[in-house]
Amino acid sequence: MRIRVGHLYPDYLNIYADRGNMAVLARRAAWRGHELDVESVSMGDEVRPGAHDLLYVGGGQDREQALVAVDLTAKADAVHEAVAAGACVLAVCGGYQLLGRFYRDRDGVELPGIGLLPLHTIAGERRMIGDVLLDCEWAGRTLAGFENHAGRTVLDDGATPLGRVVHGFGNDGESGFEGCRSGRIIGTYLHGPLFPRNPWLADWLLAQALAHASGGEPPELEPLADELETVAHGVAAERARTRGGRF
Ligand code: GLN
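Residues numbered from 1 in each chain as written. Predicted model: local features only at pLDDT ≥ 70, side-chain atom pairs only at ≥ 80, totals over all residues. Heavy atoms only, no water.

Visitor: If you had to explain the packing of aromatic side chains to someone new, which residues and values would you point to?
Guide: Evaluated as defined, the whole model comprises four aromatic pairs. Pairing Y16 with F146 gives two aromatic rings, centres 5.2 Å apart and planes at 55 degrees, and the pair type is tilted. A residue pair is termed long-range when its members are at least 10 positions apart, and Y16 in the loop between β1 (2–8) and α1 (20–30) and F146 in strand β8 (residues 141–155) qualify at 130 residues. By relative accessible area, Y16 is classed as partly exposed at 34%. Between W138 and W204, the ring centres sit 5.4 Å apart and the planes meet at 80 degrees, which makes this aromatic pair edge-to-face. (Phe/Tyr/Trp six-rings, centres within 6.5 Å; stacked < 30°, edge-to-face > 60°. Helix = DSSP H or I, 4+ residues; strand = E, 2+ residues; numbered from the N terminus. Buried < 20%, exposed > 50% of the residue type's maximum accessible area, 1.4 Å probe, protein only.)

Here's what the structure looks like:
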């Protein structure tokens, strides 16, 4: 199958190697005989509902978020339509914040979000930086990554987090939760990039994207050895255990 990806603002929102997630997805797709076709969708470009199986957006500093926020709101209806028709979304950190209702930065400037996820974010004084370990009960797995954000994300009542924080700060350093999950939409603060040390999540998203591409159910993907990935996860988890979540 050809899996069509719309990479939102790769030229503005790409820190901590976030674009590496697409490289991992492309390899894992190819190892199963599928092809990942990544299209850059940036400033002034159109989101064409139905043209992509997966929409991806990385993280960025307040400055870059301010540059893209208004352009992203102009794409909001098309993104909502694409998601309503079953497209998947992965958003990391600054991109994750802009999927909510708004991001208010440290100067009190409110950047509009597209309201795709039930949350809002307000920047605090101190940045939350370090390694993170999450427990994702919904998948019976853990996620390990790196966070660096001033934003404190508040989920609406009834919203579903991506995982419970075992080590690290997570959404706001208090709730004990990280990220947000809504159907085929995943938002997270985890950089790294995320996928090399958490291949199960890459495969989960790949299966959801294949379901959209085929119009069917998410397929069972042939398992891969993932020896290096398992070691990388262990190292990241150990770092989170020893130094995550400390100002
Ligand atoms: N600028 C946002 C914040 O500081 C997001 C940072 C990021 O993407 N790493 O919270």
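Visitor: Which residues make up the site of the ligand, and what values do they have?
Guide: Neighbouring the ligand are 16 residues, the closest being G60, D62, Q65, C93 and G151. Within the backbone of G60, an N or O atom sits 2.9 Å from an oxygen atom of the ligand. G151 is positioned with one of its backbone polar atoms (N or O) 2.9 Å from an oxygen atom of the ligand. Protein coverage of the free-state accessible area of the ligand, which is 290 Å², stands at 100%. Looking at the shell around the ligand, the elements with two or more residues in it are α2 (62–74), α4 (94–97) and β8. Counting residues per element, the shell around the ligand draws most heavily on β8, which supplies four residues. Residues that form the shell around the ligand fall into these classes: four nonpolar, 10 polar and two charged. (Near = heavy atom within 4 Å. Polar contact = N/O pair within 3.5 Å; in protein donor to acceptor, adjacent residues only side chain to side chain. Areas by Shrake-Rupley, 256 points an atom, 1.4 Å probe, with all protein chains shown as cover. Nonpolar A, V, L, I, M, F, W, Y, C, P; charged D, E, K, R; others polar.)

Visitor: An account of helix α3 (residues 76–84) is requested, with residue identities and associated values reported.
Guide: When we look at burial in α3, the residues that qualify are A76, A78, V79, A82 and V83. On an axial view of α3, the arc spanned by its buried residues comes to 165 degrees, and they lie on one face. Exposed and oriented more than 90 degrees from the buried face of α3 are D77, E81 and A84. Of the surrounding elements, those touching the buried residues of α3 are β3 (54–57), α2, β4 (88–92) and β12 (185–188). G86 sits one or two residues past α3 and shows a positive phi near 105 degrees. (Arc of directions from axis to C-beta. Contact = heavy atoms within 4.5 Å.)

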